Amino acid sequence: MMVNSTLSYFILGAYMHVGGLKYFYFMLTAMLYIVIVISNTSLIVVICMNRSLHEPMYLFLCSLFVNELYGSTGLFPSLLLQILSDIHTVSASFCYLQIFCLYSYANIEFTNLAIMSYDRYLAICFPLQYNTLMTSNKAVIFIIVIWLYSTGKFLITLSLNIRLKLCGNIINSLHCSNYLVVKLACSDSKVNNIYGLFAIFVSLSVTLLPILFSYIKIFKVCFSGSEQTRQKAVSTCTPHLVSLLNFSFGCLFEILQSRFDMSRVSGVLRIILSLYFLLIQPLLNPIIYGLQMSKIRNTCKHLFCYKILAGQRDTM
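Residues numbered from 1 in each chain as written. Predicted model: local features only at pLDDT ≥ 70, side-chain atom pairs only at ≥ 80, totals over all residues. Heavy atoms only, no water.

Participant: What is the right way to read the overall build of the protein chain from this model?
Facilitator: Of the regular secondary structure elements, the protein chain holds ten helices and three strands. Going from the N terminus to the C terminus, the protein chain shows its helices and strands as β-α-α-β-α-α-α-β-α-α-α-α-α. Looking at the 316 residues of the protein chain, the share that counts as buried comes to 45%. A separation of at least 24 residues holds for 81% of the contacts in the protein chain among residues at least 6 apart in sequence. Here the protein chain has roughly 16,900 Å² of accessible surface; of this, 71% comes from carbon and sulfur atoms. (Helix = DSSP H or I, 4+ residues; strand = E, 2+ residues; numbered from the N terminus. Buried < 20%, exposed > 50% of the residue type's maximum accessible area, 1.4 Å probe, protein only. Contact = heavy atoms within 4.5 Å. Areas by Shrake-Rupley, 256 points an atom, 1.4 Å probe, with all protein chains shown as cover.)

Structure (structure tokens):
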């Protein structure tokens with residue numbers, strides 16, 4: 001029997017032996033991580049460096065892009081090391097750190113998307129009062145609260161989990177998972193379960209209720225408003241809805257995989273499902289917001305053309 005007083009490492013049991021193909025998977029994963037870092041960092045720089053984008057909606061987007069970097073960095077460096085390694089172990093302290101990063105990332109993502117839906121509700125339903133109701137200073141305060149609330153809430157969960165006595169160290173996943181670590185506990189986890197239910201209720205209240213309220217109001221205005229109002233709602237809400245639905249499906253896949261027997265599902269599909277919300281979301285958000293939001297798209301085009309012209313002048 002192994003308890004957490006002597007437990008120094010966990011074994012990640014979902015990795016398969018792929019032989020020489022591990023170098024191909026390493027290169028593919030590294031390229032994906034580089035694309036995520038470059039795309040999200042580029043949009044953060046574009047928003048920060050252009051005063052015309054210092055508006056609440058773009059500040060919330062900047063927070064979202066920073067969170068994509070935070071979440072992907074919590075996964076990819078470790079994933080790259082594990083792909084090349086023949087022994088898939090992680091230290092207990094690193095495992096708990098990764099759990100904190102990945103789960104706080106998910107909390108920040110959902111809360112940020114909830115605030116963005118409320119921001120869109122104000123912009124569409126109260127266009128004349130919007131600049132008074134949602135200022136840049138208020139947006140910054142919202143962002144600070146989002147990050148403090150999301151990280152603080154999961155710190156409590158993690159502190160409760162660390163105190164548990166563990167009777168095993170094999171995690172059937174590609175990365176450390178909070179629920180799978182708790183399943184290894186051989187001590188009383190009643191407090192963890194009660195707080196877990198409370199945390200779920202709070203999370204649903206903080207995220208789901210504002211999203212439902214905002215979109216019910218937006219749809220009402222769209223059906224009763226002018227064609228211009230409907231076009232504005234579609235152009236600004238489509239990227240948000242795509243991002244929200246994609247991340248929700250990704251989290252649902254992760255919950256189903258960690259809590260139910262997936263032995264009948266192929267190993268490749270299980271790997272894809274376990275990485276979906278940590279891989280697709282950081283890739284998708286820069287694409288849909290960079291292409292769909294006209295101000296960001298036009299600013300990127302302007303900067304790109306300016307650099308080309310500046311380069312041509314230097315060579316003349």
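Participant: How should I be thinking about a nonpolar patch on the surface in this particular structure?
Facilitator: Residues Leu 197, Ile 200, Leu 204, Leu 208, Leu 212 and Ile 216 make up a contiguous nonpolar surface patch of about 570 Å² in total accessible area. As for its position among the elements, Leu 197 is in helix 7 (residues 190-224). What makes Leu 197 exposed here is its relative accessible area of 61%. (Patch = residues over 30% accessible without salt bridge, like charges linked within 9 Å, V, L, I, M, F, W, Y side chains within 5 Å. Salt bridge = Lys/Arg side-chain N within 4 Å of Asp/Glu carboxyl O.)

Participant: Which parts of the structure should I look at to understand the packing of aromatic side chains?
Facilitator: We describe a pair of aromatic rings using the distance from one ring centre to the other and the angle between the two ring planes. Enumeration over the complete set of coordinates arrives at 16 aromatic pairs. Aromatic side chains Phe 110 and Phe 247 sit 4.9 Å apart centroid to centroid with 65° between the ring planes, which places their arrangement in the edge-to-face category. Residue Phe 110 is located in helix 3 (residues 92-125), and its partner Phe 247 is located in helix 8 (residues 227-259); the two are separated by 137 residues in the primary sequence. The exposure class assigned to Phe 110 is partly exposed, which follows from its relative accessible area of 22%. When its relative accessible area of 0% is taken as the criterion, Phe 247 is described as buried. When the centroid spacing of 5.8 Å and the interplanar angle of 40° are considered together, the rings of Tyr 118 and Tyr 121 count as tilted. Remark: Tyr 121 and Tyr 118 occur in helix 3; sequence separation between them is three residues, near one turn of the helix. (Phe/Tyr/Trp six-rings, centres within 6.5 Å; stacked < 30°, edge-to-face > 60°.)

Participant: Just to check I follow, could you spell out the side chain of Thr 157 for this structure?
Facilitator: With respect to the element layout, Thr 157 can be found in helix 5 (residues 136-162). Residue Thr 157 is classed as buried on the basis of its relative accessible area of 16%. Once residues within four sequence positions are removed from consideration, Thr 157 is found in contact with Asn 178 and Tyr 195.

Participant: What exactly am I supposed to notice about the confidence of the model for the protein chain here?
Facilitator: Detailed reading of the predicted model is not advised wherever pLDDT is low. Residues with a pLDDT of 70 or more make up 90% of the protein chain, whose mean pLDDT is 83. The low-confidence segment residues 1-5, where pLDDT is below 50, has 14 contacts with residues more than four positions distant or belonging to other chains. (pLDDT = per-residue confidence, 0-100.)

Participant: Would you explain the state of the cysteines in this entry?
Facilitator: Two cysteines, two sulfur atoms, one covalent bond between them: this is a disulfide. What the rule picks out here adds up to two disulfides. Here Cys 95 connects covalently by a disulfide to Cys 176, the sulfurs 2.1 Å from one another. Taking the sign of the S-S torsion, about -130° here, the bridge from Cys 95 to Cys 176 comes out left-handed. Here Cys 95, found in helix 3, pairs with Cys 176, found in the loop between strand 3 (170-171) and helix 6 (178-182); they are 81 residues apart in sequence, far enough to count as distant. There is a disulfide in this structure between Cys 167 and Cys 186, and the S-S distance comes to 1.9 Å. Its torsion about the S-S bond being 105°, the disulfide of Cys 167 and Cys 186 is classed as right-handed. Taken together, the residues span a long stretch of sequence, with Cys 167 in the loop between helix 5 and strand 3 and Cys 186 in the loop between helix 6 and helix 7 at a distance of 19 residues. Look at Cys 186 and you get partly exposed, because its relative accessible area is 39%. In the protein chain, the bonded cysteines, taken in the order they occur along the sequence, pair up as 1-3, 2-4. Left without a disulfide partner, Cys 62 is nearest to the cysteine sulfur of Cys 48, which lies 4.0 Å away. (Disulfide = S-S within 2.5 Å.)

Participant: Would you take a moment to explain the sheet that holds strand 2 (residues 89-91) for this structure?
Facilitator: Adjacent strands of a sheet form backbone hydrogen bonds with each other and so pair up, either parallel or antiparallel. Taken in spatial order, the three strands make up an open sheet running 2-1-3, and their pairing is mixed. In this open sheet, the two edge strands, each paired with only one partner strand, are strand 2 and strand 3. Pairing of strand 1 (residues 9-12) with strand 3, which is carried by two bridges, proceeds in the parallel orientation. Along strand 3, the bridge assignment pairs Leu 12 with Ile 171. Contacting strand 1, strand 2 and strand 3, helix 3 crosses the sheet at an angle of about 85° to strand 2. (Pairing = 2+ DSSP bridges. Axes fitted to C-alpha atoms, helices over the stretch in contact; angles between N-to-C directions.)

Participant: Any chance you could explain the pattern of salt bridges here in plain terms?
Facilitator: Any two side chains of opposite charge can pair if their charged atoms end up close together. In total, this model carries two salt bridges according to the counting rule given. Notably, a salt bridge pairs Asp 86 with Lys 22, separated by 3.2 Å at the nearest N-O pair. Of this pair, Asp 86 sits in the loop between helix 2 (56-84) and strand 2 while Lys 22 sits in helix 1 (residues 21-49); the two residues are 64 residues apart in sequence, bridging distant segments of the chain. According to the relative accessible area criterion, Lys 22 is buried, its value standing at 14%. Of the charged contacts in the structure, one is a salt bridge between Arg 120 and Asp 119, with a shortest N-O distance of 2.8 Å. Owing to a relative accessible area of 7%, Arg 120 belongs among the buried residues under this scheme. According to the relative accessible area criterion, Asp 119 is buried, its value standing at 1%.

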